[in-house]
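# Examining the three-dimensional arrangement
In case you want the letters, here they are:
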Amino acid sequence: MAISQELYPSQDDLLYEEELLRNPYSLKLWWRYLIARSDAPFKKRRTIYERAVKALPGSYKLWYAYLRERLELVRNFPINHSEYETLNNTFERALVTMHKMPRIWILYLQSLTEQKLVTRTRRTFDRALCALPVQQHDRVWELYLVFVSQRGIPIQTSLRVYRRYLLYDPTHVEDFIEFLINSKLWQEAAERLASVLNDDQFRSIKGKTKHRLWLELCELLTQRATEVSGLNVDAIIRGGIKKFTDEVGRLWTSLADYYIRRTLHEKARDVFEEGMQTVITVRDFSVIFDSYAQFEESMLAHKMESLVSDEEEEEENGTMEDNGSEEEEEDVRNNVDLSVAELEKKILNGFWLHDANDVDLRLARLDHLMDRRPELANSVLLRQNPHNVEQWHRRVKLFEGNPTKQILTYTQAVKTVDPMQAVGKPHTLWVAFAKLYETHGDIANARVIFDKAVQVNYKTVDNLASLWCEWAEMELRHKNFRLALELMSRATAEPSVEVKRRVAADGNQPVQMRLHKSLRLWTFYVDLEESLGTLESTRAVYERILDLRIATPQIIINYALLLEEHKYFEDAFKVYEKGTQIFKYPHVKDIWITYLSKFVKRYGKTKLERARLLFEDAVKAAPADAKKPLYLQFAKLEEDYGLAKRAMKVYDEATKAVPNHEKLSMYEIYIARAAEIFGIPKTREIYEQAIESGLPDKDVKTMCLKYAELEKSLGEIDRARGVYVFASQFSDPRSDAEFWNKWHEFEVQHGNEDTFREMLRIKRSVSASYSQTHFILPEYMMQKDQRLSIDEAKDKLKQAGVPEDEMAALERQLAPAVNDTPSKDSNRKVGFVSAGIESQTDGGIKVTANHEDIELPEDSDSEDEAKVEIAQKEVPAAVFGDLANKRKDTEDDEGGDKDSESRLGALERIKRQKKV
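Residues numbered from 1 in each chain as written. Predicted model: local features only at pLDDT ≥ 70, side-chain atom pairs only at ≥ 80, totals over all residues. Heavy atoms only, no water.

Scanning the protein from N- to C-terminus turns up 47 helices and 2 strands. For the protein, the proportion of its 916 residues judged to be buried stands at 39%. Across the protein, every contact between residues at least 6 apart in sequence was considered, and the portion connecting residues at least 24 apart equals 56%. Per element, the accessible surface of the protein, about 53,300 Å² overall, is 51% carbon and sulfur. (Helix = DSSP H or I, 4+ residues; strand = E, 2+ residues; numbered from the N terminus. Buried < 20%, exposed > 50% of the residue type's maximum accessible area, 1.4 Å probe, protein only. Contact = heavy atoms within 4.5 Å. Areas by Shrake-Rupley, 256 points an atom, 1.4 Å probe, with all protein chains shown as cover.)

Moving on: the environment of Thr655. With respect to the element layout, Thr655 can be found in helix α34 (residues 644-657). A relative accessible area of 1% places Thr655 in the buried class. In this structure, the C-alpha to C-alpha distance between Thr655 and Gln689, residues 34 residues apart in sequence, is 9.9 Å. Not counting the four nearest positions on each side in its chain, Thr655 is found in contact with Lys663, Met666, Tyr667, Tyr670 and Gln689.

With 13 residues, helix α22 (residues 427-439) extends 18 Å between its outermost C-alpha atoms, agreeing within 8% with the 18 Å of an ideal straight helix rising 1.5 Å per residue. Within α22, 10 of the 13 residues are buried, which leaves the element mostly enclosed by the surrounding structure. Of all the residues in α22, the buried ones are His427, Leu429, Trp430, Val431, Ala432, Phe433, Ala434, Leu436, Tyr437 and Glu438. Where α22 ends, the next residue or the one after it, Gly441, has phi of about 80°, a positive value. (Expected span 1.5 Å × (residues − 1).)

This part is about the nonpolar core. Of all hydrophobic cores here, the largest spans 128 residues; its most connected members are Trp468 and Trp743. Here the element with the most residues in this core is helix α24 (residues 461-477); it accounts for 9 residues. In this view, Trp468 contacts Val454, Leu487, Met488, Arg490, Ala491, Leu515 and Leu521; residues no more than four positions away in its chain are not counted. In terms of nonpolar packing, the next biggest core, distinct from the first, is built from 97 residues, Phe176, Cys218, Leu221 and Val233 among them. (Core = buried A, V, L, I, M, F, W, Y, C linked by side-chain atoms within 4.5 Å.)

Moving on, we get to the side chain of Glu475. Along the chain, Glu475 falls in helix α24. What Glu475 contacts, discounting residues up to four positions off in sequence, is Arg447, Asn480, Leu483, Ala484 and Leu487.

Residues with a pLDDT of 70 or more make up 77% of the protein, whose mean pLDDT is 74. Note that residues 774-790 has pLDDT below 50 and, in this model, 30 contacts with residues that lie over four places away or in other chains. The model gives residues 893-903 a pLDDT under 50, and that stretch makes 10 contacts with residues more than four places away or in other chains. (pLDDT = per-residue confidence, 0-100.)

Right, let's get into the packing of aromatic side chains. Enumeration over the complete set of coordinates arrives at 25 aromatic pairs. Aromatic pair Trp141 and Tyr144: ring centres 5.3 Å apart, planes at 20°, arrangement stacked. Here Tyr144 and Trp141 lie together in helix α8 (residues 137-148), a separation of 3 residues that amounts to about one turn. According to the relative accessible area criterion, Trp141 is buried, its value standing at 4%. Taking the relative accessible area as the measure of exposure, Tyr144 reaches 0% and is therefore buried. Pairing Tyr542 with Tyr559 gives two aromatic rings, centres 4.5 Å apart and planes at 10°, and the pair type is stacked. Remark: Tyr559 occurs in helix α29 (residues 553-565) and Tyr542 occurs in helix α28 (residues 535-547); sequence separation between them is 17 residues. (Phe/Tyr/Trp six-rings, centres within 6.5 Å; stacked < 30°, edge-to-face > 60°.)

By the definition in use, this model includes 30 salt bridges. A salt bridge links Glu72 to Arg75, with the shortest nitrogen-to-oxygen separation between them at 3.9 Å. Look at Glu72 and you get partly exposed, because its relative accessible area is 45%. Among the residues examined, Arg75 registers a relative accessible area of 48% and is labelled partly exposed. In this structure, Arg238 and Asp234 form a salt bridge, with 2.7 Å as the shortest nitrogen-oxygen distance. Residue Arg238 and its partner Asp234 are located together in helix α13 (residues 233-243), separated by 4 residues, close to a single helical turn. On the basis of relative accessible area, Arg238 is assigned to the partly exposed category, the value being 23%. (Salt bridge = Lys/Arg side-chain N within 4 Å of Asp/Glu carboxyl O.)

Attention shifts here to unusual backbone geometry. A positive phi angle, near 60°, is found at Lys116, a position not held by glycine. Relative to the elements of secondary structure, Lys116 occurs in the loop between α6 (102-114) and α7 (118-131). Look at Lys116 and you get exposed, because its relative accessible area is 54%.

A few words now on helix α39 (residues 737-750). Over its 14 residues, α39 runs 20 Å from end to end, which matches the ideal 20 Å to within 8%, given 1.5 Å per residue. Within α39 the residues assigned to the buried category are Phe739, Trp740, Trp743, Phe746 and Glu747. Take α39 and look down its axis: the buried residues cluster within an arc of 115°, on one side only. Of the exposed residues in α39, those oriented more than 90 degrees away from the buried face are Glu738, Val748 and Gln749. (Arc of directions from axis to C-beta.)

Quick look at the environment of Glu142 now. Inspection of the secondary structure puts Glu142 in helix α8. What makes Glu142 exposed here is its relative accessible area of 55%. A sequence separation of 23 residues divides Glu142 from Tyr165, and the C-alpha atoms of the two residues are 9.8 Å apart.

Here we take up the packing of helix α12 (residues 210-223) against helix α14 (residues 248-261). Orientation of α12 relative to α14, taken along the N-to-C sense of each, is 20°, at an axis distance of 8 Å. When the axes of α12 and α14 are compared, the pair comes out roughly parallel. Considering how the two elements wind past one another, α12 and α14 form a crossing that is left-handed. Contacts between α12 and α14 involve Trp214, Leu215, Cys218, Glu219, Leu221, Thr222 and Gln223 from the former and Arg250, Leu251, Ser254, Leu255, Asp257, Tyr258 and Arg261 from the latter. Of the residues contributing to the contact of α12 with α14, the split by class is 7 nonpolar, 3 polar and 4 charged. (Axes fitted to C-alpha atoms, helices over the stretch in contact; angles between N-to-C directions. Parallel < 35°, antiparallel > 145°, perpendicular 65-115°, else oblique. Left-handed = near helix turned anticlockwise from the far one by under 90°. Nonpolar A, V, L, I, M, F, W, Y, C, P; charged D, E, K, R; others polar.)

This paragraph deals with the packing of helix α1 (residues 14-22) against helix α2 (residues 27-36). At a minimum axis distance of 10 Å, the contact between α1 and α2 shows a crossing angle of 165°. Relative to α2, α1 is oriented roughly antiparallel. Along this stretch, α1 crosses α2, giving a crossing that reads as left-handed. Contacts from Tyr16, Glu17, Glu19 and Leu20 in α1 reach Leu29, Trp30, Arg32, Tyr33 and Ala36 in α2. In the contact of α1 with α2, the residues fall into 6 nonpolar, no polar and 3 charged.

With respect to the helices, strands and loops of the structure, Gln115 is situated in the loop between α6 and α7. Side chain to side chain, Gln115 and Asn88 meet in a polar contact 3.0 Å long. Within the structure, Gln115 has its side chain in polar contact with the side chain of Ser111 (distance 2.9 Å). Beyond its immediate chain neighbours, meaning those up to four positions away, Gln115 contacts Ile79, Tyr84 and Asn88. (Polar contact = N/O pair within 3.5 Å; in protein donor to acceptor, adjacent residues only side chain to side chain.)

Listed below in C-alpha cells is the structure:
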C-alpha cells in the first residue's frame with residue numbers, strides 16, 4: 001500500500017531526521033522534534049510517536065503524551081468507532097513496558113469505563129490491581145467502585161467487587177451498606193449493619209454515631225419486616241431501647257410497627273402497652289400513645305371498609321344461598337373432600353365468637369385507650385420521681401367517683417413515698433387518705449389511718465404537728481371535744497427519760513422526740529383550751545409554753561389578754577414583764593407598746609410613779625430608731641396625768657435620744673406642745689436649743705427660718721434679722737435661692753437701705769467662701785449640704801493625680817480659712833444681736849466673722865448715717881414670759897459696757913463704732 005506523501009519528512013524535518021539518524025535513542029531529540037511539529041496533522045505526529053516509542057519503549061514521557069493525544073482525538077467520536085479499538089491496542093502496547101505506572105492504568109480504565117465494555121473493563125481492573133503495588137491500589141479501587149455502581153452492571157458482579165474491596169479496606173463498609181440498600185438487598189444490608197453495631201472498634205468515616213446506625217437498622221428491619229429473616233428483631237430493638245435512652249419512644253414504635261407489618265396485631269398491641277408502661281419521659285409517652293391511637297383508628301377504619309364490601313357481596317349472593325341452604329348443610333356434613341380451613345369456615349359461620357363484625361369491640365378498645373391517657377401520663381411522671389407528692393394527689397383525682405381505686409392509690413402512695421426524699425409535703429397524703437374515709441362516714445378507719453401516720457418518721461417536725469392538728473380537727477368536726485383535747489395532750493407530752501436514753505443509744509433521733517416543742521402544736525392546743533377548757537387548764541398550757549421557751553410575742557400578748565378578760569390584771573402585767581425579759585428588740589416592741597397602753601388605761605394617775613418607771617425601762621431598752629413612739633406615749637402620760645414640766649422634760653430627752661433624721665420632726669412636736677402649754681415665748685429657748693443641738697445643716701436652716709418667722713410675728717425685727725444672718729452660713733446662694741429670696745422679702749418689708757446692703761454684702765461673702773472651699777474640687781463634690789474636711793480634700797486630689805507639691809500649696813491656702821472658722825458643733829453661738837458682723841468667742845475677744853468682708857468707704861455714708869434717727873419701741877415684757885425675767889437678772893449680775901453693747905442692734909453698733 002502506497003504511503004501518503006504528507007507522511008514523508010519535509011525539507012524542514014531533514015535537520016531533525018539527520019540528528020535522529022546519528023542518535024536515535026535520545027529522548028531530548030525526539031521531544032524537540034514533536035514540539036517543532038506540534039501544528040502538524042495528527043497522522044504525521046502519530047508516525048513520529050510510533051517511531052519514538054519503538055526506539056524508546058521505556059519512556060513514560062513519550063507514552064503518556066502519545067496516549068493523551070489519542071484520547072483527545074477519540075473524545076468526539078462515538079464509542080463504537082474504530083479509533084477506540086486502536087486506542088485500546090495502543091494502551092495494551094504501552095502497558096507492556098508501563099505496567100508499573102498507575103497513571104497509564106488510570107487513563108486506560110477511565111477510557112474503558114466510558115466505552116461500556118463491562119467484561120473487558122472488569123478484567124483490566126483486575127490486571128491493574130495485580131500489576132500495581134498495594135500502596136497504589138486505592139487509586140484503582142476508587143475507579144473500580146464507580147464502575148460497578150453504574151447502571152447495567154450485574155448485581156452479582158458489583159457484590160463480589162465490593163466484598164473484595166472490603167477485604168482491602170474494611171472501613172468503607174458504610175458505602176457497601178448504602179449500595180446494598182440502593183440495590184434493595186435488604187437481607188445482606190441488615191446483616192452488615194448488625195455486624196457493624198456489634199463491632200466495638202468500628203469508627204464511621206462518615207461521622208455517623210452508633211445511635212444513628214442503630215436507628216437505621218431498626219428502620220430497615222421494621223419497614224422490610226417480611227423481606228429480612230434470620231435476625232432476632234425483637235432482641236435487637238430491645239437492646240437499643242436499653243442502650244439509647246433518648247430515643248426510647250421511637251424504638252418502641254419501630255418494634256410495634258415490625259409486628260404490624262407481619263400482621264401480628266395483638267403482639268403489636270402488647271408492645272405498645274409495654275412501651276407506655278416503661279417509658280419515663282412525657283415526650284416518649286406521647287410518641288408511643290399517638291402511634292398506638294393511630295394504629296387502632298386505622299384498624300377500625302379497615303374493618304369497617306371490609307364489612308361494607310362483604311355486605312355488598314352478601315346482598316348479591318343472598319338469593320342463591322337461601323335456595324340452596326339445605327343442600328349445603330347436607331353437603332358440608334357429607335363432603336369429605338373439603339379442606340380443614342373450608343370446613344372450619346362453614347361450620348363456625350354464624351357463631352358470635354367467630355363473628356367477623358367486631359367493630360363494636362374495636363370502638364370500645366379505642367375509647368378505653370383514650371380514657372386511660374391521663375392515668376398513663378400520670379404514671380410516666382411518677383416513674384420519673386415516685387416521691388412526688390403532688391403527682392400522687394393528681395392521680396387520686398383521676399379516679400374521682402371510684403372510692404376503691406382511690407383507696408388503692410393512697411395505699412400505694414403511702415407505701416412508695418419516702419418522707420426523707422419526698423418532693424412536697426408527704427403528710428398531706430395521710431391527711432387526704434383519712435379524709436376519704438371520713439367523707440364516706442368511716443371514722444374508725446380514719447382514726448386508724450391517723451394513728452399509723454403519726455408513727456412515720458418525717459423530715460420536719462412541722463409535718464408531724466400538722467398531722468396531729470388535722471386529727472384533732474376531725475374529732476372537732478364530729479363533736480368529740482374531749483377526745484380532741486386528749487389527742488393534743490398526748491401529742492404535747494414530753495418523752496420519758498427511758499425513751500430519750502434509748503433513742504440516744506440508737507443515734508437516729510426521730511421527729512417524734514422533738515414534737516413536744518412544736519410551736520404550731522402548742523398554739524393549736526392553747527386555742528382548744530381557750531374554747532373548750534377552763535381558765536386553769538388554759539393557764540397551765542400557757543405556762544408550759546413559757547417553760548419550754550418556745551413562746552412568741554403574740555403568745556405573750558394573747559396570754560395577757562386572756563387574763564385581762566377574766567379580770568386578772570396584775571397577773572396579765574406579770575406576763576408582760578416576762579415577755580419584756582424574754583425578748584429583745586425588735587420583737588419586744590409590740591409587747592412594750594401593748595403593756596404600756598394597757599397599764600395607763602388601767603391605772604391612769606393612780607400609779608403614776610410605776611408608769612414612769614415602766615416608760616423609763618422601755619425607753620432604756622429600745623434602740624434609737626424605736627424610741628420616738630415610746631417618748632411620745634410617755635409625754636402624753638405626763639400631759640394627761642402628770643406635770644407639764646415633766647412633759648417638757650420628756651420631750652427634751654426625746655430630742656436628744658432619737659436619730660438625727662428624726663430630730664427635726666421631734667423638735668417640731670416639742671415646739672408645738674410648748675407653745676400650746678406655756679405660750680409662744682417659751683419656744684425661743686427650744687429654737688435656740690435645736691439650732692445648737694447638732695442638727696444637720698439642712699435641718700438647722702429649716703429651724704432658723706421657722707425661728708425667724710416667729711420673731712417677725714412677735715415684732716422682733718432685729719432678732720429675726722439676726723437669725724437670718726446666722727442661717728446664711730448654711731445657704732449657698734448658687735444652690736439655695738429660696739432662703740435668700742425669703743430674706744430679700746423680709747428686708748424689703750421691714751428693713752432699710754443699710755440693712756439691705758448688709759444682706760447683699762453677706763450674700764457675696766457667703767458665695768465667696770463657698771467658691772474658695774470648692775474651687776478645685778470636682779463638681780460632684782459641690783452638692784448641697786456637703787462640707788469636706790482638709791483630709792477628704794487631700795484624698796480626692798490625690799486620687800485625681802495632683803502632685804504632692806501642688807497639694808501642699810492648696811492645703812496651705814485652705815488651712816487658715818478652715819482653722820479660723822469655729823466648729824459648728826462646739827463653738828456655735830447664736831449671735832442674733834450682732835447680725836453677723838462680729839462674733840463673740842468665749843473669752844470675749846472680737847474676731848472678724850468673715851475674712852472676705854468688702855470694705856466700703858467710710859465717708860460715703862457717714863453723714864447720712866449721722867442724720868438718721870430710728871425710734872425704737874419697747875415690746876411688753878408679758879410677751880416674753882420667763883425670758884424677760886432671766887434677761888433682767890443677767891443684766892443686773894453682769895453689767896458692763898461690753899455686755900450692753902452686745903445686746904444692741906446691728907445698726908446702733910455701727911453708729912457707735914463710727915463715732916469712736
